[in-house]
Amino acid sequence: MTYKILLIEDDNNISTFITTILDANGYEPLLARNGKEAMALVSSSCPDLVLLDMGLPDMDGMKILQFIRQWSSLPVIVVSARTRERDKVEALDAGADDYITKPFGSSELLARIRTALRHANPSNHDSGPYSSTFVCGDFSIDYDKHRVKVGEKEIHLTQSEYKMVSLLCQNAGKVLTYDFISKQIWGPYNCEDNQKLRVNMANIRRKIEPNPAVPEYIFTEVGVGYRMRDY
Ligand code: CA
């Protein structure tokens, strides 16, 4: 099966670069050069994934993201030159699946696409978000038994530590914002600061990472959130 990928991008050099990569890797690329074309194509062409540039000549990419999220959970990866953390958090909280900052390499782009497609089509894969275990290197989690192991060693996590780890594992490869994680664990009325989150993460790393200062399993996206490794 060939995945159809809608690229929404007004810059010719970037769209040629991305289209070539997609073509060469067995994807079917479609191109929209502005917001108006994008709105029309996203509804008429039924893409499997959208790559969205935020800076378009006729509208802000955020508008297109909001438009898509009104009726679809189709994976959207924001491809943007905007490097401010606030922009990333805003896009992720508005429902973007991932965020990639220009300039980027082809392998990074392809890895993000594979991850987003896998989350959107979990039944194609054994270790998808609905399977009962997740394994990554020496790390493993069994959701049914609430058991986390590194190698043969069983790791004892508190309830909130376990919730954080399992949430990240179920979304492995995807960055989850601090705000999203806090709400999932402590509810919508939890106060805004991320202190509780950071304390829990420090404890988790002490328990699961061989070297907590250089994490191998759970990465920090500074100012944005955390991402569990998925390879
Ligand atoms: Ca642009």
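As a starting point, this report considers the structure included with it. (Residues numbered from 1 in each chain as written. Predicted model: local features only at pLDDT ≥ 70, side-chain atom pairs only at ≥ 80, totals over all residues. Heavy atoms only, no water.)

Thoughts on helix H1 (residues 12-24)
The cut-off we apply is this: Secondary structure elements are taken from DSSP: a helix is a run of H or I of four residues or more, a strand is a run of E of two residues or more, and numbering for both begins at the N terminus. Take the number of residues in a helix, subtract one, and multiply by 1.5 Å to get its expected span. Any N or O atom pair separated by 3.5 Å or less is treated as a polar contact, with the protein-specific requirement of one donor-capable and one acceptor-capable atom, and with residues adjacent in sequence counted only for side-chain atom pairs.
Look at H1: 18 Å from first C-alpha to last across 13 residues, which is about the 18 Å you get at 1.5 Å a residue. For H1, the N-terminal capping position is held by Asp 11, with its side-chain oxygen 2.9 Å away from the main-chain nitrogen of Asn 13. Of the residues flanking the end of H1, it is Gly 26, one or two places downstream, whose phi is positive at about 85°.

Description of the pattern of salt bridges
Inclusion rule: When a carboxyl oxygen of Asp or Glu lies within 4 Å of a side-chain nitrogen of Lys or Arg, that pair is called a salt bridge. Only protein chains enter the calculation, and the probe is 1.4 Å; a residue is then buried if its accessible area is under 20% of its type maximum, exposed if over 50%, and partly exposed in between.
One pass over the structure, following the stated rule, counts 14 salt bridges. Of the charged contacts in the structure, one is a salt bridge between Arg 84 and Asp 87, with a shortest N-O distance of 3.0 Å. The class for Arg 84 is partly exposed, based on a relative accessible area of 47%. Where Lys 207 meets Glu 161, a salt bridge forms, and the shortest distance between an N and an O atom there is 2.7 Å. With Lys 207 in helix H8 (residues 195-208) and Glu 161 in helix H6 (residues 159-170), this pair connects stretches of sequence that are 46 residues apart. On the accessibility criterion, Lys 207 (25% relative accessible area) is partly exposed. In this structure, a network of salt bridges that share partners links the residues Asp 98, Glu 108, Arg 112, Glu 221 and Arg 227.

With respect to the nonpolar core
In globular proteins that are soluble, nonpolar side chains generally tend to be buried together. Filter applied, for reference: Throughout, nonpolar core names a set of buried Ala, Val, Leu, Ile, Met, Phe, Trp, Tyr and Cys residues whose side chains join them through atoms within 4.5 Å. Two residues form a contact once any of their heavy atoms are found within 4.5 Å.
Formed by 27 residues in total, the largest nonpolar core has its most connected members in Phe 134, Phe 139, Ile 141, Ile 181, Ile 218, Tyr 226 and Met 228. For this core, the secondary-structure elements that each account for two or more residues are strand S6 (133-136), strand S7 (139-142), H6, helix H7 (178-186), H8 and strand S12 (225-228). Here this core gets six residues from one element, more than from any other, and that element is H6. Once residues lying within four places of it in the same chain are set aside, the contact partners of Ile 218 are Leu 168, Met 201, Ile 204, Arg 205, Ile 208, Glu 209, Tyr 226, Arg 227 and Met 228. Listed in part, the 19 residues of the second largest apolar core include Val 42, Val 50, Leu 65 and Ala 91.

Describing the packing of H6 against H8
The following threshold applies: Working convention: axes come from line fits to C-alpha atoms, limited for helices to the stretch in contact. Angles between N-to-C directions cover 0 to 180 degrees. Should an angle fall under 35 degrees it is called roughly parallel, over 145 degrees roughly antiparallel, and 65 to 115 degrees roughly perpendicular, with every other angle called oblique. We call Asp, Glu, Lys and Arg charged. Ala, Val, Leu, Ile, Met, Phe, Trp, Tyr, Cys and Pro are nonpolar, and the rest, Gly among them, are polar.
At a closest axis distance of 10 Å, the pairing of H6 and H8 adopts a crossing angle of 80°. In terms of orientation, H6 and H8 fall into the roughly perpendicular class. Taking contact as the criterion, the partners of Ser 160, Glu 161, Met 164, Val 165 and Leu 168 in H6 are, on H8, Leu 197, Asn 200, Met 201, Asn 203, Ile 204 and Lys 207. Residue classes in the contact of H6 with H8 are distributed as six nonpolar, three polar and two charged.

Considering a negative patch on the surface
This is how it is decided: Here the term patch refers to residues with relative accessible area over 30% and no salt bridge, with like charges joined within 9 Å and nonpolar side chains (Val, Leu, Ile, Met, Phe, Trp, Tyr) within 5 Å. Each accessible area value is a Shrake-Rupley result obtained with a 1.4 Å probe; residue values ignore everything except the protein chains displayed when judging cover. Charge counting follows a simple rule: Lys and Arg are positive, Asp and Glu are negative, and His as well as the terminal groups are ignored. For the purpose of locating charges, the reference atoms are NZ of Lys, CZ of Arg, CG of Asp and CD of Glu.
Negative charge collects at one region of the surface, where Asp 10, Asp 11, Glu 37 and Asp 58 lie side by side. Position of Glu 37 among the secondary structure elements: in helix H2 (residues 35-44).

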